[in-house]
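# Structural overview
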Amino acid sequence: MSPGSGSHVRVGALVPLSRPGWVGAGRQLLAGLEMAVRDVNLGGGALGRPLSLIVRDTAADPDTAAAAVSSLADLGVVAVVGEYHSVVARAAAARASALEVPFLCSSAVLDSLTDTPTDWVARIAPAQSHGWRIYADYLLGAGHRRVAVVTQPSVYWAAGTRILRDHLAARGATLVELDAAEPAAVCDEVVAHGVTALLLLVGLPEPAVGIVQAVRRDLRLADVLIGAPAGQPELAEWASLLGDDGAGIPFLRYLPEQLGPLGARVETALREQLDEAPSFVAFEGYDTVTVLADVLRTHGLDRTHIAQAWPRVDVEGTRGRIRFSRTPGIGLWQWAWPPVQVADRDPATPDRYRTLHTG
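As the structure is a computational prediction, the values presented were derived from the model and not from experiment.

## Notes on the sheet that holds strand E4 (residues 103-105)
Spatial strand order, E2-E1-E3-E4-E5-E14-E13: seven strands in an open sheet with mixed pairing. Only two strands of the sheet have a single neighbouring strand rather than two, namely strand E2 (51-57) and strand E13 (324-326). When strand polarity is set aside, the average angle formed by the axes of neighbouring strands in this sheet is 25 degrees. In this structure, strand E5 (residues 121-123) lies alongside strand E14 (residues 333-335), joined through two bridges in parallel fashion. Note that in E14 the partner of Ala122 across the bridge is Trp333. Strands strand E1 (9-15), E2 and strand E3 (79-82) of the sheet are contacted by helix H1 (residues 23-42), whose axis makes an angle of about 170 degrees with E2.

Next up, the structure:
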């Protein structure tokens with residue numbers, strides 16, 4: 001089927017909706033994508049035709065994502081959007097480039113999302129190196145000079161560890177890497193290394209929940225900061241699993257200090273749809289479709305024309321003006337940069353967020 005054929009304009013969407021994917025993030029991402037499609041269609045669609053979102057669950061599996069891109073291409077989608085997990089988005093980006101299908105990535109941050117430069121891929125989320133350096137600056141500003149990360153094997157976690165280590169070392173601080181073994185063993189290692197901050201570069205719910213609970217109950221670690229730069233504490237699942245133990249744990253979120261009129265309207269609508277506070281992931285989903293719809297209206301439904309339009313994007317999103325450019329070391333079209341915050345859940349009111357640092 002040729003792209004854009006039929007009464008609807010078909011758009012493929014990759015979302016983690018089942019384990020071992022981060023289902024809470026997938027739910028937020030899909031809500032943002034779907035709401036933007038509804039808004040676009042209420043505004044007349046693209047070239048007078050409504051958008052139709054064809055959703056595929058990646059379950060955080062790279063092979064599943066790559067196969068989904070192939071299937072969606074055969075169905076005649078004009079582009080593929082979405083995905084949260086970096087290693088999954090990386091597989092999707094490779095397949096989309098090979099098939100010459102535009103891929104607008106919503107939430108995956110890995111710098112090396114593509115092995116080689118490509119015109120077929122663009123990204124809404126900031127690069128990991130940008131956000132995680134801001135997080136390291138927050139740690140330094142808070143006086144942490146000896147930091148530990150507890151981590152699991154993963155391209156994403158390894159990249160995050162390297163970014164933090166290099167940025168801290170350049171400023172006279174050190175990073176210690178711990179294995180995600182038994183939570184009690186992690187606590188002993190934190191004491192042995194004399195660190196003042198422990199960062200969780202691990203999956204949710206486990207081992208993240210077990211480690212947080214162990215640290216909170218270890219009197220030796222009463223003054224140790226727990227951090228989660230990947231953003232786990234923002235989602236409702238974190239609060240439901242950890243309660244008060246999940247507060248006071250700084251994380252990265254990609255929101256401005258204050259939303260503009262569009263962002264405020266979308267936030268209200270998303271809160272009603274989700275029956276919980278929307279995370280930055282939901283806004284990323286909304287902005288993704290907003291950008292793609294503008295490209296379709298101005299450059300048509302041909303896949304090649306869509307890919308050629310990335311450098312000409314200039315669209316008002318929920319979190320600011322979105323324009324794509326080439327960023328050194330990143331082989332795709334990148335919004336440089338979305339707003340970046342370091343925030344946490346307020347220990348006095350865990351359902352309220354505090355902004356601790358802005359990039």
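## Some details on the pattern of salt bridges
Evaluated as defined, the whole model comprises 17 salt bridges. The shortest N-O distance in the salt bridge between Arg220 and Asp188 comes to 2.8 Å. With Arg220 in the loop between helix H7 (208-217) and strand E9 (225-227) and Asp188 in helix H6 (residues 183-193), the pair connects residues that are 32 residues apart, well separated along the chain. Classification of Asp188 by relative accessible area gives partly exposed; the value is 41%. When salt bridges with common partners are traced through the structure, they connect Asp314, Glu316, Arg321 and Arg323 into a single cluster.

## Here's the deal with the nonpolar core
Judged by nonpolar contacts, the single largest core of 103 residues is most densely connected at Leu51, Leu104, Trp132, Leu198, Leu296, Trp310 and Phe324. Top contributing element to this core by residue count: helix H10 (residues 280-299), with 11 residues. Dropping the residues within four chain positions of it, Trp132 is found in contact with Tyr156, Trp157, Gly160, Ile163, Leu164, Leu201, Pro229, Ala230 and Leu252. Counting residues in hydrophobic clusters, the runner-up holds 25 residues, among them Leu72, Ala73, Val80 and Leu113.

Conventions and cut-offs
Residues numbered from 1 in each chain as written. Predicted model: local features only at pLDDT ≥ 70, side-chain atom pairs only at ≥ 80, totals over all residues. Heavy atoms only, no water. Pairing = 2+ DSSP bridges. Helix = DSSP H or I, 4+ residues; strand = E, 2+ residues; numbered from the N terminus. Axes fitted to C-alpha atoms, helices over the stretch in contact; angles between N-to-C directions. Contact = heavy atoms within 4.5 Å. Salt bridge = Lys/Arg side-chain N within 4 Å of Asp/Glu carboxyl O. Buried < 20%, exposed > 50% of the residue type's maximum accessible area, 1.4 Å probe, protein only. Core = buried A, V, L, I, M, F, W, Y, C linked by side-chain atoms within 4.5 Å.

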